[in-house]
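# Notes for the structure review
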Amino acid sequence: CVWLLGGLVALAGALVYAELAARRPAVGGQYAYLRDAWGPLPAFLYGWSLLLVIQSGGMAAVAITFARYAIDLTGAGVSEGAVAAAALGLLTAINCLGVRSGATLQSALMVLKILAIAGLVLAGLALAPAHPGYASPPPSAAPLGSLTTLAAIGAAMTAVMFSYGGWQTSSFVAGEMKNPQRDLVRGLLLGVTGVVILYAAVAFVCVYALGPAGLARSPTPASDVMRLALGETGATLIALGIAISALGFLSQGMLTTPRVYFAMAEDGLFFRSIATVSPRTHVPILAVLLQGAAAIAVALSGTYGQILSYVVSVDFIWFALTGAALFVYRAREPGGAGFRLPLHPLITGFFVAACALVVVATVWNNPINSAIGFAIVLAGVPACLFWMRRRRSAP
């Protein structure tokens with residue numbers, strides 16, 4: 001149920017971003033939406049937190065996941081941090097070669113990822129024996145409407161919403177699309193719908209094969225399901241699939257996010273050199289290198305759980321503000337766009353409220369790590385004032 005609820009939030013967000021993309025088909029995506037609605041300071045703080053917390057932290061967490069499965073598969077006697085850093089460095093180099101290279105790699109990884117997830121679902125349903133108690137939930141430790149249960153649902157939503165995240169970064173490359181009003185809207189809606197279906201199916205097959213209690217005990221449920229279905233060969237195959245899935249997320253982040261730093265530099269709110277585009281590859285190479293270096297630094301410095309909580313607590317503040325920006329645009333520009341969100345303001349309000357609740361739940365369950373993320377964001381205020389003063393004094 002939490003996976004389905006998270007899917008509704010992600011789908012509502014995709015609808016909101018689809019109209020924003022149609023109204024503002026510019027390089028920078030979410031950065032541009034925030035800048036034009038709320039001004040340069042919130043937009044800068046978003047880019048600042050993207051570099052130091054959200055994207056770099058998310059990529060670091062997923063790189064650590066990749067490293068764990070890669071080490072498990074190969075038996076290599078190396079540290080998780082070293083493998084994660086090597087994977088991030090390789091993807092940085094590939095995306096410096098050009099948009100076509102990064103997009104081709106991303107497409108290949110996406111197909112492999114979908115095949116791995118579909119294989120898990122089909123093998124689990126067809127070959128794994130059904131757990132006798134899969135249809136009977138375990139006795140609840142607290143009433144459904146109690147604060148304890150709501151806090152537990154909120155804790156689950158932190159990881160679920162992180163897993164669904166990533167669709168918003170497609171808006172970062174809107175300025176490099178031939179027809180963003182059409183293609184970006186289609187990509188957002190079809191992509192998010194497909195992901196919700198796949199993830200909900202995975203959640204169901206894990207409960208079906210392992211039962212609620214077995215799923216709760218398992219640190220690697222996908223491997224356990226495939227072990228029941230196909231033995232150790234199945235567990236090895238799905239571990240390989242999860243490693244490929246992690247690389248797909250990392251490739252997507254490396255391909256899209258540096259365009260935000262490019263847009264910040266073009267606005268005079270970051271080092272001007274970051275906006276330099278290679279005449280040969282047509283890629284903002286310095287922006288890509290900056291993103292890669294930041295992700296490697298976070299991967300070498302933190303653990304998965306710490307990174308996850310401070311990423312989500314900060315990320316969903318910007319989701320809420322970006323969703324609220326649609327109210328501003330509708331008031332300023334009541335005319336039509338290439339895509340208009342149906343049932344506005346109900347869907348927009350639902351998305352903004354859900355994002356706010358995810359922030360509250362994450363802070364409630366992980367106050368210290370969330371405070372670290374907020375402190376990093378606030379440290380961007382003097383940095384923004386410096387760049388704004390420098391921009392005013394520039395010729």
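Basis of the calculations
- Residues numbered from 1 in each chain as written.
- Predicted model: local features only at pLDDT ≥ 70, side-chain atom pairs only at ≥ 80, totals over all residues.
- Heavy atoms only, no water.
- Helix = DSSP H or I, 4+ residues; strand = E, 2+ residues; numbered from the N terminus.
- Rg over C-alpha atoms; globule rule 2.2 N^0.38 Å.
- Buried < 20%, exposed > 50% of the residue type's maximum accessible area, 1.4 Å probe, protein only.
- Contact = heavy atoms within 4.5 Å.
- Lys, Arg positive; Asp, Glu negative; His and termini not counted.
- Charge placed at Lys NZ, Arg CZ, Asp CG, Glu CD.
- Salt bridge = Lys/Arg side-chain N within 4 Å of Asp/Glu carboxyl O.
- pLDDT = per-residue confidence, 0-100.
- Patch = residues over 30% accessible without salt bridge, like charges linked within 9 Å, V, L, I, M, F, W, Y side chains within 5 Å.
- Areas by Shrake-Rupley, 256 points an atom, 1.4 Å probe, with all protein chains shown as cover.
- Axes fitted to C-alpha atoms, helices over the stretch in contact; angles between N-to-C directions.
- Parallel < 35°, antiparallel > 145°, perpendicular 65-115°, else oblique.
- Nonpolar A, V, L, I, M, F, W, Y, C, P; charged D, E, K, R; others polar.
- 1 Å grid on protein atoms, 1.4 Å probe; cavity = no way out; pocket = protein on both sides within 12 Å on 5 of 7 lines; lining within 4 Å.
- Points joined across faces, edges and corners; volume = space filled by probe spheres on them.
- Expected span 1.5 Å × (residues − 1).
- Left-handed = near helix turned anticlockwise from the far one by under 90°.

Regarding its fold elements, the protein presents 14 helices and zero strands. From first element to last, N terminus to C terminus, the protein shows the α and β order α-α-α-α-α-α-α-α-α-α-α-α-α-α. For the protein, the C-alpha radius of gyration of 21 Å lies close to 21 Å, the compact-globule estimate for 395 residues. By its C-alpha atoms, the protein is 70 × 50 × 40 Å across when sized along the principal axes. Counting only residues that meet the buried cut, the protein has 50% of its 395 residues in that class. When contacts within the protein are restricted to residue pairs at least 6 apart in sequence, those whose partners lie at least 24 apart make up 80%. Averaging the locations of the 21 positively and 12 negatively charged side chains of the protein gives two centres separated by 8 Å.

With that out of the way, let us pick up the environment of Met-254. Inspection of the secondary structure puts Met-254 in helix α8 (residues 221–256). Through-space distance from the C-alpha of Met-254 to that of Ile-244 is 15 Å; in sequence the pair is ten residues apart. Aside from chain neighbours lying at most four places away, what touches Met-254 is Met-59, Leu-88, Leu-91, Thr-92, Asn-95, Val-288, Gln-291 and Gly-292.

Moving on, we get to the pattern of salt bridges. Tallying each qualifying case throughout the model produces ten salt bridges. One salt bridge in this structure joins Asp-267 and Arg-35, with 2.7 Å as the shortest N-O distance. Taken together, the residues Asp-267 in the loop between α9 (258–266) and α10 (285–301) and Arg-35 in helix α2 (residues 30–38) connect sequence positions 232 residues apart. As a salt-bridge pair, Asp-224 and Arg-227 come within 3.0 Å of each other at their nearest N and O atoms. Of the two residues, Asp-224 and Arg-227 both sit in helix α8, three residues apart, roughly one turn of that helix. Given a relative accessible area of 21%, Asp-224 falls into the partly exposed group. Each of the salt bridges in this network shares a partner with another, and the network as a whole consists of Glu-19, Arg-23, Arg-24, Arg-35, Asp-36, Asp-267, Arg-330 and Glu-333.

Bringing the environment of Leu-300 into the picture now. Along the chain, Leu-300 falls in helix α10. With a relative accessible area of 55%, Leu-300 lands in the exposed category. With 221 residues separating them in the primary sequence, Leu-300 and Ser-79 have C-alpha atoms 10.0 Å apart.

So, about the confidence of the model for the protein. This prediction gives the protein a mean pLDDT of 83; 92% of its residues lie at or above 70. Confidence, read as mean pLDDT per element, is least for helix α5 (residues 99–126) in the protein (81) and greatest for helix α12 (residues 346–365) (90).

On the surface, a cluster of nonpolar side chains totalling about 440 Å² of accessible area is made up of Met-110, Val-111, Leu-112, Ile-114 and Leu-115. As for its placement among the helices and strands, Leu-115 is situated in helix α5.

With that settled, consider the packing of helix α13 (residues 367–378) against helix α14 (residues 380–393). As a packed pair, α13 and α14 sit with axes 5 Å apart at the nearest point and diverge in direction by 15°. Looking at the two axes, α13 sits roughly parallel to α14. Counted together, Ile-376, Val-377 and Leu-378 of α13 and Gly-380, Val-381 and Pro-382 of α14 form the full contact between these two elements. Taken together, the residues of the contact of α13 with α14 sort by class into five nonpolar, one polar and no charged.

With that out of the way, let us pick up empty space enclosed by the protein. With the rule as written, the count across this model stands at two cavities of 30 Å³ or more. Within this model, the largest cavity holds a volume of roughly 120 Å³. Taken together, 13 residues line the largest cavity, and the ones lying closest to its centre are Phe-162, Gly-165, Gln-168, Phe-249 and Asp-315. Elements supplying a minimum of two residues to the lining of the largest cavity: α3 (40–74), α6 (147–164) and α11 (304–332). Looking at the lining of the largest cavity residue by residue, the class counts come to seven nonpolar, five polar and one charged. Here the second largest cavity is characterised by a volume of approximately 40 Å³. In terms of lining, the second largest cavity is formed by Val-9, Ala-10, Met-161, Tyr-164, Gly-165, Trp-167, Phe-316, Phe-319 and Phe-351.

Let us look at helix α4 (residues 80–96). Taking 1.5 Å as the rise per residue, α4 with 17 residues should run 24 Å; its terminal C-alpha atoms sit 25 Å apart, in good agreement. All of the buried residues in α4 are Gly-81, Val-83, Ala-84, Ala-85, Ala-87, Leu-88, Leu-91, Thr-92, Asn-95 and Cys-96.

Between α3 and α13, whose axes approach to 9 Å, the crossing angle comes to 130°. As the angle between them shows, α3 and α13 are arranged oblique. The handedness of the crossing between α3 and α13 is right-handed. The segment α3 lies against α13, with Leu-45, Trp-48, Ser-49, Leu-52 and Val-53 engaging Gly-373, Ile-376 and Val-377.

This brings us to the environment of Ala-299. With respect to the helices and strands, Ala-299 occurs in helix α10. On the basis of relative accessibility, which here comes to 5%, the residue Ala-299 falls in the buried class. In sequence terms Ala-299 and Gly-145 are 154 residues apart; their C-alpha atoms lie 38 Å from each other. With residues up to four places along the chain from it excluded, the contact list for Ala-299 reads Ala-60, Ile-64, Ala-84 and Leu-88.

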